[in-house]
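# Remarks on the overall topology
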Amino acid sequence: MGLGRTLGVSLLGLAGHIIEVEAHLAASVPGFSLVGLPDAALAESRDRVRAAVTSSAIDWPQRKITVNLSPASLPKSGSGFDLAIAVAMLAGAGVLDVSRVADIVHLGELGLDGRLRPVRGVLPAVIAAVAAGYPRVVVPAANAAEAALVPGALVLGAASLAEVAWRYGADIAQPPAAVPVPAVVAGRAAPPDADLAEVLGQHQARAALEVAAAGGHHLLMVGPPGTGKTMLAARLPGLLPDLTESEAVEVTAVHSIAGTFDPGGGLMRRPPFEDPHHTATPAAVVGGGSGIPRPGAASRAHRGVLFMDEAPEFSPRVLETLRQPLEHGELVIHRAGGSARYPARFQLVLAANPCPCGKAIGKGLECTCQPMARRRYWARLSGPLLDRVDLQVEVHQASRAEIDGAGRGECSAAVAGRVAAARRVQADRLAGTPWRTNAEVPGHWIRSVLGADRSLMVDLDRALDRGVLSLRGVDRVLRVAWTLADLAGRTAPGRAEIGQGLLLRTRGQGVA
Amino acid sequence: MRAKDAVGRYGETVAARYLLGEGWRVLDRNWRGPDGELDIVALHADALVVVEVKTRRGLGYGHPAEAVTPRKLARLRRLTAQWLAAHDVHPRSIRIDVIAVLVPRRGAASLEHLVGVV
């Protein structure tokens, strides 16, 4: 009896696998079974496909239908196989031409009325399809713009199953134009363009922010409530340069899977900004969920900024899970349904109060916290995590004179210009190495480039002797010093830059 | 006799006539066993075929063949064994078929023969 065949894509993390969807129709008691490791949402596909076919004015074949998703050993999830299953089944029933649909990839969820609903992860799925040599894809109309972003893809956006069948030459009347189901984007609207000029005063913190942007350094801001830590952090993405083409594809693919990508504006070319609330669970931050894990905030912040406000309030487990992505730039999440690999190379920005009451800044005379409470508060930010943060600065209450005297501060565009110039210098110096920013460069490389000029290291040696800096801390200071030199237009850091780097690393306590 | 029973009887007659036309030998019709009833028992070459006939007047409640549920098939298997125990017939193989008969409001009945459904 009839055998129909077409293609779909299964996503495991960002990696897509081509799935052959086969439908066999046998003359026996009518039934519909789906095999090949489907999860719950995929097993429900039978009922949706059946209703959608009937609603599309196509006769449901009274046959024993077996649909197989091959390779059968790979777990598959989600509703994105509905269209492929329906097309394979209709081809097997003789409604569609078998040879025409065999090497076309079909993605999309079916509604009971036969309309095609958008699905997540279309961008990485189409990338995988094109890479596997199947450039022709059929996607829901709401996903067509997203699929068309992939170079080399021949995309057909369809609003309904009837439209797909009609375009394949099925013997049905031309369906009336169905209203396409719009995509629902779970993410918030793009934040209003926040400008650095809105931050009053805070020259030191602004300088630190500029250094962080220029060198890609992680940043910790400590200060009493209401001094503008959150405002500053939210303005960091505005200082960063645009994403490169390959970065943009990577970032967009992650957000496509997370369901936070609006394809209206094309690829995401600006660094993303994620600020999870401090009650977030480890699964929300690094990704997780049952079956195939989904990306979390850390992956959504890939090539952008992960801002953790009130960092000591986060559960220690959440903070510790960040050590893997900070080290390797990617997250591997293992669940029963399989393991997924998501990129997570973000710039970490932490904000914290100096103590639970928030007033232990400077001499801390107004602080009402007991010493034990203060210590416990900071103990939550573990040493290993803080050691990876290159820039650690205090943000003080802006003084009257600062606010009155300075007028409006520099705008984001001016700072972004200097940042872009500094990044170009870094790119030239690091050409031929796997690194692109000072923050990524390992210590031994910096020291070998710097040479054996001990005069530069006097301050660092002293800080090391006094126990203010760890050996790793010395490397961190050198990295910051390079960024400072890049910003200042110097070819190598001098004593001044190293001193300033030490100041930025140690919250002002390193030099005395 | 209620209308639905009359439709069922008519369908079985249509099915039996069709099988005779195909050259089958009908051994038994409407045999009552302990667990229920077998519609048609026939010999096709040297295979014993138990035929379940399902008749409907329209597709409003689904295709007639869809009404043959796994539970009903299991009952047919048991009945087949009971029929064999009660008769001195020794076929080389045994099979269960379904014949779906659709009796439209006007015009001839249409018939679909599903071979070997278990």
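Bear in mind that the values here come from a model prediction, so they are computed numbers and not experimental data. (Residues numbered from 1 in each chain as written. Chains lettered and ligands numbered in written order. Predicted model: local features only at pLDDT ≥ 70, side-chain atom pairs only at ≥ 80, totals over all residues.)

## Some thoughts on the overall build of chain B
- Tallying secondary structure elements over chain B gives 2 helices and 5 strands in all.
- Ordered by position from N to C terminus, the α and β elements of chain B give α-β-β-β-α-β-β.
- Its C-alpha radius of gyration of 14 Å places chain B within 12% of the 13 Å reference for a compact globule of 118 residues.
- Each principal axis of the C-alpha atoms in chain B carries an extent, and together these give about 40 × 30 × 25 Å.
- Looking at the 118 residues of chain B, the share that counts as buried comes to 27%. (Helix = DSSP H or I, 4+ residues; strand = E, 2+ residues; numbered from the N terminus. Rg over C-alpha atoms; globule rule 2.2 N^0.38 Å. Buried ≥ 20, exposed ≤ 12 C-beta atoms within 10 Å, placed from the backbone.)

## Notes on the environment of Pro91 of chain B
All names here are of chain B.
- Residue placement: Pro91 occurs in the loop between α2 (70-86) and β4 (93-102).
- For the pair formed by Pro91 and Arg9, sequence separation is 82 residues and the distance between their alpha carbons is 27 Å.
- Those residues in contact with Pro91 that sit more than four places away from it in its chain are Leu43, Asp46, Ala47 and Leu48. (Contact = placed C-beta atoms within 7 Å.)

## Looking at the domain arrangement of chain A
Residue and element names in this part refer to chain A.
- Taken domain by domain, chain A consists of domain 1 (3-167), domain 2 (196-410) and domain 3 (441-512).
- Centre-to-centre, using C-alpha coordinates, domain 2 lies 24 Å away from domain 3.
- Counting residues at the interface gives 13 residues for domain 2, matched by 15 residues for domain 3.
- The greatest single-element share of the side of domain 2 that touches domain 3, amounting to 5 residues, is contributed by helix α8 (residues 203-215).
- Residue classes in the side of domain 2 that touches domain 3 are distributed as 6 nonpolar, 3 polar and 4 charged. (Domains from an automatic or database assignment. Nonpolar A, V, L, I, M, F, W, Y, C, P; charged D, E, K, R; others polar.)

## Points about the sheet that holds strand β5 (residues 110-114) of chain B
Residues and elements named next belong to chain B.
- Pairing within the open sheet is mixed, and its 5 strands lie in the order β1-β2-β3-β4-β5. The open sheet terminates on both sides in strands that have one partner only, identified here as β1 (25-33) and β5. Each strand of the sheet is rotated relative to its neighbour by a mean of 25 degrees, with strand direction disregarded.
- Sheet analysis places β4 next to β5, joined by 5 bridges and oriented antiparallel. For Val98, the partnering residue across the bridge sits in β5 and is Leu114.
- Sheet strands touched by helix α1 (residues 3-21): β1, β2 (36-44), β3 (47-56), β4 and β5. Its angle to β3, the strand with the most contacts, is close to 140 degrees.
- Most of the contacts of α2 go to β2, to which it runs at about 65 degrees, and overall it touches β1, β2, β3 and β4. (Pairing = 2+ DSSP bridges. Axes fitted to C-alpha atoms, helices over the stretch in contact; angles between N-to-C directions.)

## A short note on the nonpolar core
- Ala86, Val87, Met89, Leu90, Val126, Ala298 and Leu391 of chain A are the most contacted members of the largest nonpolar core, which has 141 residues in total.
- If near-sequence neighbours (up to four positions away) are discounted, Val126 of chain A is found in contact with Val137, Ala147, Val150 and Ala153 of chain A.
- Counting residues in hydrophobic clusters, the runner-up holds 23 residues, among them Val29 of chain A together with Ala15, Leu38 and Val53 of chain B. (Core = buried A, V, L, I, M, F, W, Y, C linked by C-beta atoms within 7 Å.)

## Thoughts on the environment of Leu123 of chain A
Residue and element names in this part refer to chain A.
- Here Leu123 shows up in helix α5 (residues 122-131).
- Under the C-beta neighbour-count criterion, Leu123 is labelled buried, with 27 such atoms within 10 Å.
- For the pair Leu123 and Gly223, spaced 100 residues apart in the sequence, the C-alpha separation amounts to 42 Å.
- Non-local contacts of Leu123, meaning those with residues more than four positions away in its chain, are made with Glu146, Leu149, Val150, Thr252, Ala253 and Ser256.

## Focus: the interface of chain B and chain A
- Across the boundary between the two partners, chain B contributes 8 residues, which contact 5 residues of chain A.
- For the side of chain B that touches chain A, the per-class residue count stands at 6 nonpolar, 1 polar and 1 charged.

## Structural notes on the sheet that holds strand β14 (residues 305-308) of chain A
All names here are of chain A.
- Overall, parallel pairing links the 5 strands, which are arranged β11-β14-β17-β10-β18 in an open sheet. Looking at strand neighbours, the two that pair on one side only are β11 (273-274) and β18 (391-394), the edges of this open sheet.
- Packed on one face of the sheet, α8 meets β10 (219-222) and β18 and runs near 165 degrees to β18.

## Some points on helix α3 (residues 82-92) of chain A
Residue and element names in this part refer to chain A.
- Of all 11 residues in α3, 11 are buried, a share of seventy percent or more.
- When α3 is considered as a whole, its buried residues turn out to be Asp82, Leu83, Ala84, Ile85, Ala86, Val87, Ala88, Met89, Leu90, Ala91 and Gly92.
- Looking one or two residues beyond α3, the residue adopting positive phi is Gly94, at roughly 85 degrees.

## Some words on the packing of helix α22 (residues 471-488) of chain A against helix α23 (residues 495-505) of chain A
All names here are of chain A.
- Running from N to C, α22 and α23 point in directions that differ by 120 degrees, and their axes come no closer than 8 Å. On the basis of their axis angle, the class for α22 and α23 is oblique. Between α22 and α23 the crossing geometry is right-handed. Two secondary-structure elements touch here, α22 through Gly473, Arg476, Val477, Val480, Ala481, Leu484 and Ala485 and α23 through Glu497, Ile498, Gln500, Gly501, Leu502, Leu504 and Arg505. (Parallel < 35°, antiparallel > 145°, perpendicular 65-115°, else oblique. Left-handed = near helix turned anticlockwise from the far one by under 90°.)

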